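# Secondary and tertiary structure notes
What follows is each chain in one-letter form.
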Amino acid sequence: MNKIKSEAYWKKNLKYLVILLSIWFSVSFGFGILFVDELNQIQFFGFKLGFWFAQQGSIYVFVILIFVYIYLMNKLDKNYRSKK
Amino acid sequence: MSLQLSIWLIVGLTFALYIGIAIWSRASSTNEFYVAGKGVHPIANGMATAADWMSAASFISMAGIISFLGYDGSVYLMGWTGGYVLLALLLAPYLRKFGKFTVPAFIGDRYYSNTARTVAVFCALIVSFTYIAGQMRGVGVVFSRYLEVDINSGVFIGMGIVLFYAILGGMKGITYTQVAQYCVLIFAFMVPAIFISIEMTSNPIPQLGFGSAGSDGVYLLDKLNGLHEELGFSKYTSGSKSTLDVFFITAALMIGTAGLPHVIVRFFTVKKVSDARKSAGWALLFIAILYTTAPAIAVFARTNLIDTVSEKNYTEMPSWFKKWEDTGLLKFDDKNGDNVIQYNGNEMINELTIDRDIMVLANPEIAQLPNWVIALLAAGALAAALSTAAGLLLVISSSVSHDLIKRIIKPDISEKGELVAARLSAFFAVLLAGYFGINPPDFVAATVALAFGLAAASFFPAIVLGIFHKKMNKEGAISGMVIGILLMLFYMTKFKFGWFGGGAESDWWFGISPEGFGTVAMIVNFIVSISVSKFTSPPPKEIIELVDNIRLPNENDD
């Protein structure tokens, strides 16, 4: 029982990691670097969108990603402990 | 009040504050000396991490670099922030759960081998020393520029201060001093930025300001792009580096950040695993305040500068122009003898050479802000350099006293003896750092950026595999680290210092610069580690259990 629960906990954690790191990769390496020229065709206030992602947007998303992970893991930890 | 007096006053006050904190937070055990007794609040730890992380280079040079590179400068912005996501998600909580003092301690225990421990100690020392020399130099430069003492005396004063609070307080003293230093440096960075943003765009938030329109109704970035095209520079919002190189440099900086021992060790200082995640979040938030402001300052400063100097008569230049000309950071060479400044992307016509550091340092003067703002900037730059130097110093001293002496050379040393050893090694590390600050080897500037490549190539794979790949054994990890760091050292010395036959830009492997090569060396490290581990015996049962244990939360909420 214990082992199954531990494995479930770890699997869930890995799932969160994959999702959050895909977002991490997309906003920086994707929007900010690989597709920057395409996104620069779009005007976003006084910015070209690709440029904005590279110098502003990606950083905001990074901060949000960590706080989302904190929230998800606190919930997962609590769940894990209560089922003991 | 005269400028000189306000600078001495503000710098003096901040120094008194740091020393006061050091006396209040003296360390009395190795636990306090190495990891501040594991009782630091996550928000305080976030601030300390931010100050630890943001060095003289972030504070003084980054906005200027971006200002000259435009879009290409994004590698530093994304690279030096994105690594915190990796830290928070892949490293910090597990290393905290593991619960030891240092990175080599984790590597040594996880790979059940003193060879692995020794390799990790040497990697930590190489990375930390390349970094700390630049910090001491930064302290000296700020002193000489603002306080009119010569660079060497500046380095001595800086050494004295760091020595005092690092040796007395260890991690505990450093942590609380860094909290104060963060407050000083972020205030010093933001005040001029907000003033200038209001002046240029009437928007007080710089992050929004540089996407707004100036008084003429034209978006600032469009205006700057226009000016750049007119003067023969490449467009500000597009880069000139290849996409591949931008990709690899960004990756190397991100992964390097996550592998830097002086950053990782900060997460050992909090009370529980969930606090390690939290402090990574707070740290990035505090860092992001500066890192999202820097590109705004870059645009303001660049536009201001071009507006002020381009095609203007030399005799009409404001007083700051003359002053910075005296320091050699600004050079005017009237090539066509018309007494008018031609600032141009074409080297043949260009008459003005501008040092990148001027963008932050001269900003308050260019924007005509009061003296106390300029004084604050000097105090902020010193806070940035001192806090980073202290953090690095601690890594060096704990690597020597704990990982080398206590774990390998003399395991029966008493706690008191280990504490003495830790303080002694901090003392010698300061002397060595000071020596490099006074006699900087030519490669200092080049290697600070490369320290990230070294960290990415050595530590990151060993730690990540240690947590996420149970079957990773000592043979794999050791060969990965050794090959990774040697490959990185080879590439960097070959193309930066001309060893091993040297080489030009056209000889770069796959067109990847030495700054971006850390990513390649890291990939090689991963491949070597995994392949070697497949052909050697798996780790013993206790290690599998250890890995299982660090993956799970504690039974209770602590």
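Values in this document were obtained by computation on a predicted structure and should not be read as measured data. The numbering scheme is per chain: residues are counted from 1 as the chain's sequence reads. To read the labels, note that chains go from A and ligands from 1, taken in the order they are written. Reporting in this predicted model follows two pLDDT cut-offs: at least 70 for local features of residues, and 80 or more for side-chain atom pairs to be given and counted; totals over whole chains, interfaces and linings ignore these cut-offs and use all residues. With hydrogens and water stripped out, all remaining heavy atoms of the structure feed into the side-chain values.

This next bit is on the overall build of chain B. Secondary structure summary: chain B contains 22 helices and two strands in total. Our radius of gyration is a C-alpha quantity, and the globule rule it is checked against amounts to 2.2 Å times the number of residues to the power 0.38. Scaling as 2.2 N^0.38, a compact globule of 558 residues should have a C-alpha radius of gyration of about 24 Å, and chain B matches this with 24 Å. When the backbone C-alpha atoms are referred to their principal axes, chain B occupies close to 80 × 55 × 45 Å. For every residue, the accessible area (1.4 Å probe, protein chains only) is compared with the maximum for its type, and the residue is labelled buried under 20%, exposed over 50%, or partly exposed between those bounds. Sorting the 558 residues of chain B into buried and exposed places 63% on the buried side. In DSSP terms, a helix is any run of H or I states spanning at least four residues, a strand is any run of E spanning at least two, and both are numbered starting from the N terminus.

Moving on to the overall build of chain A. Within chain A one finds three helices and two strands. Listing each helix as α and each strand as β along chain A from the N terminus yields α-α-β-β-α. In terms of overall size, chain A is more extended than a compact globule, its C-alpha atoms giving a radius of gyration of 18 Å where 84 residues would be expected to give roughly 12 Å. Considering only C-alpha atoms, chain A reaches an extent of 55 × 20 × 15 Å along its principal axes. The contact criterion used is simple: two residues touch if any of their non-hydrogen atoms lie within 4.5 Å. For chain A, the share of sequence-separated contacts (at least 6 apart) that also reach a separation of at least 24 residues comes to 61%. The method behind every accessible area is Shrake-Rupley, applied with a 1.4 Å probe, and residues are considered shielded solely by the protein chains displayed. For chain A, the accessible surface area stands at approximately 4,400 Å², while carbon and sulfur atoms represent 70% of it.

This part is about the side chain of D77 of chain A. Relative to the assigned elements, D77 of chain A resides in helix α3 (residues 49-82). In contact with D77 of chain A, not counting residues within four places along its chain, are Y9 of chain A together with R277 and P553 of chain B.

Time to look at a positive patch on the surface. Residue and element names in this part refer to chain A. Positive charge collects at one region of the surface, where K12, K15, K75 and K83 lie side by side. Relative to the helices and strands, K15 resides in helix α1 (residues 2-34). Owing to a relative accessible area of 48%, K15 belongs among the partly exposed residues under this scheme. Residues qualify for a patch when their relative accessible area is over 30% and they have no salt bridge, like charges being joined within 9 Å and the nonpolar side chains of Val, Leu, Ile, Met, Phe, Trp and Tyr within 5 Å. The rule for a salt bridge is simple: a side-chain nitrogen of Lys or Arg has to be within 4 Å of a carboxyl oxygen of Asp or Glu. This count recognises Lys and Arg as positive and Asp and Glu as negative, with His and chain-terminal groups excluded. To locate a charge, take NZ of a lysine, CZ of an arginine, CG of an aspartate or CD of a glutamate.

Moving on to the interface of chain B and chain A. Each partner contributes residues to the interface: chain B has 51 residues there, and chain A has 42 residues. Across the interface of chain B and chain A, roughly 4,100 Å² is buried in total on both sides, 73% from carbon and sulfur atoms. The interface formed by chain B and chain A includes one salt bridge. The partner of R277 of chain B in a salt bridge is D77 of chain A, with the nearest N and O atoms 3.0 Å apart. N or O atoms within 3.5 Å of each other form a polar contact, as long as, within protein, one can give a hydrogen and the other can take it, and as long as residues adjacent in sequence are counted only when both atoms are side-chain atoms. In this assembly, chain B and chain A are joined by eight residue pairs in polar contact (both at pLDDT 80 or more). Residue assignment for the side of chain B that touches chain A shows that the elements contributing at least two residues are α5 (74-98), α10 (220-230), α11 (243-259) and α13 (273-309) of chain B. The quantity reported as buried area is the accessible area (1.4 Å probe) lost by two parts once they are put together, taken as the sum for both.

A 1.4 Å probe that fits but cannot get out identifies a cavity on a 1 Å grid over protein atoms alone, an open set with protein on both sides within 12 Å along at least five of seven lines counts as a pocket, and a residue lines either if it has an atom within 4 Å of a point. Grid points are joined across faces, edges and corners, and a volume is the space filled by probe spheres set on the points. Here the second largest pocket defines a volume of roughly 290 Å³. Forming the walls of the second largest pocket are N2, K3, S6, E7, W10 and K11 of chain A together with K470, D548, R551 and L552 of chain B. Counting residues per element, the ones that place at least two in the lining of the second largest pocket are α1 of chain A together with α22 (541-551) of chain B. It is α1 of chain A that provides the largest number of residues to the lining of the second largest pocket, a total of six residues.

What follows covers empty space enclosed by the protein. In this approach the atoms are scanned with a rolling probe the size of a water molecule, which exposes any empty space left behind. Within the structure shown, the criterion is met by four cavities of 30 Å³ or more. In this model, the largest cavity occupies a volume close to 90 Å³. Around the largest cavity, the lining comprises 14 residues; the ones closest to its centre are Y9 of chain A together with Y94, V273, R277 and R551 of chain B. Taken together, the elements giving at least two residues each to the lining of the largest cavity come down to α1 and α3 of chain A together with α5, α13 and α22 of chain B. Across the lining of the largest cavity, the residue classes break down as nine nonpolar, one polar and four charged. Taken as a whole, the second largest cavity encloses approximately 50 Å³ of empty space. Contributing to the lining of the second largest cavity are A188, F189, P192, A193, I297, V360, N363, P364 and L377 of chain B. Contributions of two or more residues to the lining of the second largest cavity are made by α8 (151-201) and α16 (363-366) of chain B. Counting residues per element, the lining of the second largest cavity draws most heavily on α8 of chain B, at four residues. Among the residues making up the lining of the second largest cavity, the classes are represented as eight nonpolar, one polar and no charged. In this classification, the charged set is Asp, Glu, Lys and Arg, the nonpolar set is Ala, Val, Leu, Ile, Met, Phe, Trp, Tyr, Cys and Pro, and all remaining amino acids, among them Gly, are polar.

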